[in-house]
Amino acid sequence: MTLSPKAYFLTVLCLFMAAMIIFWGGKLVIMHYLYDEERVVWQTKTKIINDYKSDYPDELVLGTSMALAINPPVIESLSGKRVMNLSAGSAQMAYHYYALKRILSQRKDIKKVYLTTARLNEDDICYTPGGSFGERMLRWFTTAQEAKEMETLIPGTIEMYKDTRFMGSKYFYRDINLLRDFHLRDYFKESAHHIMARTLRANKGYFLFGPYGTEVEDSVPYYSFENILTNEGFPFDTNTRWSIHGETNDIGRFYASKIVALLEAHGIDYEFFFGPIPQARATNEAPRLAMDGLEIMLSEFSKDKVNDKILVLPDAFFWDTYHVNTFGSKVFNEYFVDYIINDQDPEGTYETVDFAW
């Protein structure tokens, strides 16, 4: 049977629309139901922050993915202090501020906050739709009211916020590399999402990135994966990898000042600390490149509130150039208790380099 031109056109149109519905619907399913470590971390931390219960710890850790290695159960066993680790991958000072603001609207008894950030999370590239600000914070954490507040400081925030929620926008969908975290078998298990979320809650926010992460007792040193980590600078380039991002800007400084004002208004003590770096990066310009530009932001804090030592660990204690494995996490937590919580002198016990003010 020969279709008339009109019937042919309608048939093609219907098939095209059906294909688009299947395509967009499939992407929607992929975004929401495939296992994604970053999404689970951000969503779980956001839920904890939005409902910060009365029996939760009264001391907080707010940092980037490097600070996820701080293990509250271990901290409690070593020091007796109960802390909640609310760090998230690629989090900025803007996240720290709004997380604190939400928690303090629920709890008035917070005693101390430990803060950290990274130079590459406070630059101009991060504050774009495809940067960590749009890709993570606006997607999984920010409210509509907070987006309006940030618009004056970060033009385009409202548009970015809407784009992450509008199916027609390319920023609605998160690009997930199925081979990225070596968990291919888990990507099609929705249960993996809930297992990780429960584990995060049980560990009060502790989590290790890596090919094995927290699944096994010992993470493999990152140089064992040289055949995989082939992009520029891996594993031991000391000059380029820290400085591949854009210029630092004043947004981090603005939110640092708001954090200080918020904490002082509530009479809450705080300390700023740095995450560890590999031994291979403790030479040449690595410490400066890692923190370049942060001294402007840190000037908003009282000098005595900044622990300006940077822990140096063997390369085998990292699974990549930024994140410690289980070996590194063990030492990092001991260092955190000794030097950050108990304010002991790290000299003679730990290798450190000084932050260059």
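Figured I'd write up the structure that's included with this text. Note that this is a predicted model, so its numbers are computed, not measured. (Residues numbered from 1 in each chain as written. Predicted model: local features only at pLDDT ≥ 70, side-chain atom pairs only at ≥ 80, totals over all residues. Heavy atoms only, no water.)

## Remarks on the overall build of the protein
Regarding its fold elements, the protein presents 12 helices and seven strands. Here the protein holds 357 residues, and the buried ones make up 52% of them. Summarising the internal contacts of the protein: among those between residues at least 6 apart in sequence, 79% fall at separations of at least 24. Accessible surface for the protein amounts to roughly 16400 Å². Of this, 56% is attributable to carbon and sulfur atoms. (Helix = DSSP H or I, 4+ residues; strand = E, 2+ residues; numbered from the N terminus. Buried < 20%, exposed > 50% of the residue type's maximum accessible area, 1.4 Å probe, protein only. Contact = heavy atoms within 4.5 Å. Areas by Shrake-Rupley, 256 points an atom, 1.4 Å probe, with all protein chains shown as cover.)

## Describing the pattern of salt bridges
When charged atoms on two side chains of opposite charge get close, those side chains can pair. Within the structure shown, the criterion is met by 14 salt bridges. A salt bridge links Lys112 to Glu271; the nearest nitrogen and oxygen atoms lie 2.4 Å apart. Residue Lys112 is located in strand S3 (residues 112-115), and its partner Glu271 is located in strand S4 (residues 269-272); the two are separated by 159 residues in the primary sequence. Across the pair Asp354 and Lys309 runs a salt bridge whose closest N-O atoms are separated by 2.7 Å. In this pair, Asp354 sits in strand S7 (residues 352-354) while Lys309 sits in strand S6 (residues 309-313), placing the two residues 45 residues apart along the sequence. (Salt bridge = Lys/Arg side-chain N within 4 Å of Asp/Glu carboxyl O.)

## Focus on the pairing of S6
Where burial is concerned, most of S6 is hidden: four out of the five residues are buried. Across two bridges, strand S5 (residues 277-278) lies against S6 in parallel orientation. Paired with Pro278 across the two strands is Leu313, which belongs to S6. (Pairing = 2+ DSSP bridges.)

## Remarks on the packing of aromatic side chains
Applying the stated rule across the entire model yields 16 aromatic pairs. With a centroid separation of 6.4 Å and 65 degrees between ring planes, the pair formed by Trp42 and Phe141 is classed as edge-to-face. Residue Trp42 is located in helix H2 (residues 37-50), and its partner Phe141 is located in the loop between helix H5 (132-140) and helix H6 (144-151); the two are separated by 99 residues in the primary sequence. Residue Phe141 is classed as buried on the basis of its relative accessible area, which comes to 3%. Plain terms: the ring middles of Tyr270 and Phe301 are 5.5 Å apart, the flat faces sit at 50 degrees to each other, and that makes the pair tilted. (Phe/Tyr/Trp six-rings, centres within 6.5 Å; stacked < 30°, edge-to-face > 60°.)

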